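Here is how the chains run, residue by residue.
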Amino acid sequence: MADDLLRIEDLSVDFHTDGGVVHAVKHANITVRDGGILGLVGESGSGKSVTSLSVLGLLGTTRAEITSGRILFRGADLLRKGQAELRRIRGGHIGLVSQNALSALDPSFTIGAQLIEVIRRHQKVDKANARKLALEALELVALPEAERRMKSYPHELSGGQRQRVVIAIALSCRPELLLADEPTTALDATVQKQILDLLLEINRELGTAILIVTHDFGVVAHLCTDVAVMRRGEVLESGTAEQVLSSPEHPYTQGLMKAVPRLRLSAQDRAVPRAERRLTEFSESALVGGGRERVAL
Ligand code: ADP
Ligand code: MG
């Protein structure tokens, strides 16, 4: 389809461990639409991270083996690209936001130095212009006092601020796709919401597509246009957020959704037309600033 940015087809990933072969991902099909936000949902160990790391060729162990499938990014199979080209695509076209911002940043360099380094790795700009772009990236993620923060070291920032910096680094080369693996798990609830809202804003304003790995259906309801539910390496169910949230087909998905209290619908709610119900129910806050047609329709 023309509007598919990333299409994972029939992906299978094995790990060869001392205890035998682990089939971490089994014949998974997942699509991220251009400008869409896909939530990859499932409990711990279901294969979400392995799937998203496969996209970037970052499985990082010789014991990992991709045994089937294609990963099409704008129609080109990433699994057939060499390391050099994958490096160019990482950061240049696909940005990664990892779970742990602390480990994603180097403690011995300032925020500014790290941003400038990444920018210059991917773009032919001189230092002064790279600095300008770095500052812009920090402003984009609404880091307070961005100018001053350029000179800060990671440990001088709060957890939420560090995650903003990681997002700024991922965005600095204006990728078309952002892969975010549980980007808010390490943060407290208020900061989690701020970071999710930031991702939503980036999607709306820059049109950046996002694949967000999460175990939380609340995140899906707040953010996602599309969902894929994984369990034990398999994609059990996928579709638009509207479809999956309002009428989940698989009993496993139904069970996961019961764990999110605010998604439960009372008999009275059910009398309200679906789109309207979703608007009021899922995210009042997301309505601020001009509508949530993505989630609502
Ligand atoms: P999730 O992100 O959904 O919590 P993962 O994708 O990290 O799950 O893991 C999926 C499966 O692959 C799990 O059974 C996990 O133990 C296994 N796995 C992940 N990484 C490795 C590895 N480096 N070596 C062996 N097994 C792994
Ligand atoms: Mg994971």
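Above this text is the structure in question.
Since we're looking at a predicted model, the values are computed, not measured.

A. Representation of the overall build of the chain in the model. Along the chain, the regular secondary structure elements total 15 helices and 10 strands. Looking at the chain residue by residue over its 297 residues, the buried ones come to 50%. Accessible surface for the chain amounts to roughly 14100 Å². Of this, 51% is attributable to carbon and sulfur atoms.

B. Fine view of the site of ligand 1. In the neighbourhood of ligand 1, the contacting residues comprise F15, T17, A24, E43, S44, G45, S46, G47, K48, S49 and V50. Backbone polar atom of G47 to an oxygen atom of ligand 1: 3.0 Å apart, as the coordinates give it. The side chain of S49 places a nitrogen or oxygen atom 2.8 Å from an oxygen atom of ligand 1. In the complex, 63% of the free accessible area of ligand 1, which totals 560 Å², lies under the protein chains. A per-class count over the shell around ligand 1 returns 3 nonpolar, 6 polar and 2 charged.

C. Spatial organisation of the nonpolar core. Counting 53 residues, the largest nonpolar core has L138, I167, I212 and F217 as the members making the most contacts within it. I167 has contacts with V97, V141, I195, L198, L199 and I202, leaving out every residue within four places of it along the chain.

D. Representation of the packing of helix α7 (residues 159-171) against helix α8 (residues 189-206) in the model. With their axes 10 Å apart at the nearest point, α7 and α8 run at an angle of 20 degrees to one another. The angle between the axes of α7 and α8 places the two elements in the roughly parallel class. Between α7 and α8 lies a crossing whose hand is right-handed. Across from G160, Q163, R164, I167 and L171 in α7, the residues of α8 making contact are V191, Q194, I195, L198, L199, I202 and L206.

E. Region of the structure containing the layout of surface pockets. Reported here for the largest pocket is a volume of approximately 650 Å³. As for the largest pocket, its lining consists of 24 residues, of which G91, V118, R121, H122 and I169 are closest to the centre. Secondary-structure elements contributing two or more residues to the lining of the largest pocket are α2 (83-92), β6 (94-97), α4 (111-122) and α7.

F. Highlighting the packing of aromatic side chains. According to the stated counting rule, one finds 0 aromatic pairs in the structure shown. Its end group placed over the ring of Y252, R231 keeps NZ or CZ at 4.9 Å from the ring centre.

G. Structural view of unusual backbone geometry. Its identity as a non-glycine residue notwithstanding, H27 has a phi of 50 degrees, on the positive side. At A142, a residue that is not glycine, the phi angle is positive and equals roughly 55 degrees. With respect to the element layout, A142 can be found in the loop between α5 (127-140) and α6 (146-149).

What counts and what doesn't
Residues numbered from 1 in each chain as written. Chains lettered and ligands numbered in written order. Predicted model: local features only at pLDDT ≥ 70, side-chain atom pairs only at ≥ 80, totals over all residues. Heavy atoms only, no water. Helix = DSSP H or I, 4+ residues; strand = E, 2+ residues; numbered from the N terminus. Buried < 20%, exposed > 50% of the residue type's maximum accessible area, 1.4 Å probe, protein only. Areas by Shrake-Rupley, 256 points an atom, 1.4 Å probe, with all protein chains shown as cover. Near = heavy atom within 4 Å. Polar contact = N/O pair within 3.5 Å; in protein donor to acceptor, adjacent residues only side chain to side chain. Nonpolar A, V, L, I, M, F, W, Y, C, P; charged D, E, K, R; others polar. Core = buried A, V, L, I, M, F, W, Y, C linked by side-chain atoms within 4.5 Å. Contact = heavy atoms within 4.5 Å. Axes fitted to C-alpha atoms, helices over the stretch in contact; angles between N-to-C directions. Parallel < 35°, antiparallel > 145°, perpendicular 65-115°, else oblique. Left-handed = near helix turned anticlockwise from the far one by under 90°. 1 Å grid on protein atoms, 1.4 Å probe; cavity = no way out; pocket = protein on both sides within 12 Å on 5 of 7 lines; lining within 4 Å. Points joined across faces, edges and corners; volume = space filled by probe spheres on them. Phe/Tyr/Trp six-rings, centres within 6.5 Å; stacked < 30°, edge-to-face > 60°. Lys NZ or Arg CZ within 6 Å of the ring centre and 35° of its normal.

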